[in-house]
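These are the residues of each chain, in order.
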Amino acid sequence: MNKEPLILEKTQESNEESRLSWLVGFLDVITAPQELALRRVERPARIIVMAALLLTFASTFVQYLYSVNDGIRGQMFTMQAQGLEKMARKQGMAEGQIEEQMDKLKQQQEFSLPKTLGVSLIFTLLSVFLYGFLFWILQRLFNSEPPPATVIIALANYAASIALLGYVVTALMQYAANSIATSPSPTLFINAVESPYLLQFLGRINPFTIWEYLVSGLVVARHVGMSRTQGFAIGATALVITLMFTGGFAWAMSSFMG
């Protein structure tokens, strides 16, 4: 019996699995993050791009859900209109001009797939790089010979699948409750319409975000030979830094819009 065709077929299957192993990492980051950390990252760019695409599609899906829910759409309009009206009155705009601005705001709230995808992709690509670069900086403090920055950025952004899960679960909760404040976070205890910037800040304090940052820290740390504890410390530090910037922005905007 000729075994060469069978051997060739198995070799081809093995090569195919190897080529797709980078993609499976988006699932492994949830089920086996420490095993994922020990893999070699050969083409980090495709991981970064895939992470950006996953988050872009998740953001677009969330925006679509908001657009077809009357309660959430009304709350979002009220939150944006309040700030817009305050700025317009500070600039001395007439009532007619303010009404025109409100009409434009309503038109902007209409869901447009190409527009939403385009805007989301731009902001997502930026956030993906900033997110991964933060982990590169933190591990660099303890690692004298770190891998290239793109490798760390790619590894950290495998956690995009966790972020995607959080976006979808939260959006479905909000859609079911007809409220933008409904989420697994402290936003449940505030008036979202009166405190839009506080809503954005508190919304990041949820189990999915904490999980995402801790796993990213673990994967990055284990990849460069650091301990599990150090990985969690890196993830927790990255989360605190992010919350400080987000909280500072929320405070500044609230003071400015005052």
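Figured I'd write up the structure that's included with this text. The shown structure was predicted, so the numbers you read here are calculated from the model rather than taken from an experiment.

**Describing a nonpolar patch on the surface**
Taken together, L20, L23, V24 and L27 make up a surface patch of nonpolar side chains, about 330 Å² in accessible area. The class of V24 is partly exposed, set by a relative accessible area of 39%.

**Examining the layout of surface pockets**
Its boundaries defined by the atoms lining it, the second largest pocket holds a volume of some 180 Å³. Taken together, 13 residues make up the lining of the second largest pocket; nearest its centre are S21, W22, R40, V41 and E42. Sorting the residues of the lining of the second largest pocket by element identifies helix 1 (4-31) and helix 3 (44-67) as the ones contributing at least two each. Of all the elements, helix 1 adds the most residues to the lining of the second largest pocket, at three residues. In terms of residue class, the lining of the second largest pocket is built from six nonpolar, two polar and five charged.

**Focus: helix 7 (residues 149-156)**
In terms of burial, helix 7 is largely enclosed, as six of its eight residues are buried. Turning to helix 7, its buried residues are V151, I152, I153, A154, L155 and A156. In this fold, the buried residues of helix 7 make contact with helix 3, helix 6 (113-140) and helix 10 (207-223).

Conventions we followed
- Residues numbered from 1 in each chain as written.
- Predicted model: local features only at pLDDT ≥ 70, side-chain atom pairs only at ≥ 80, totals over all residues.
- Heavy atoms only, no water.
- Patch = residues over 30% accessible without salt bridge, like charges linked within 9 Å, V, L, I, M, F, W, Y side chains within 5 Å.
- Areas by Shrake-Rupley, 256 points an atom, 1.4 Å probe, with all protein chains shown as cover.
- Salt bridge = Lys/Arg side-chain N within 4 Å of Asp/Glu carboxyl O.
- Buried < 20%, exposed > 50% of the residue type's maximum accessible area, 1.4 Å probe, protein only.
- 1 Å grid on protein atoms, 1.4 Å probe; cavity = no way out; pocket = protein on both sides within 12 Å on 5 of 7 lines; lining within 4 Å.
- Points joined across faces, edges and corners; volume = space filled by probe spheres on them.
- Helix = DSSP H or I, 4+ residues; strand = E, 2+ residues; numbered from the N terminus.
- Nonpolar A, V, L, I, M, F, W, Y, C, P; charged D, E, K, R; others polar.
- Contact = heavy atoms within 4.5 Å.

Take it as geometry only, folks, not as evidence of what the structure does.
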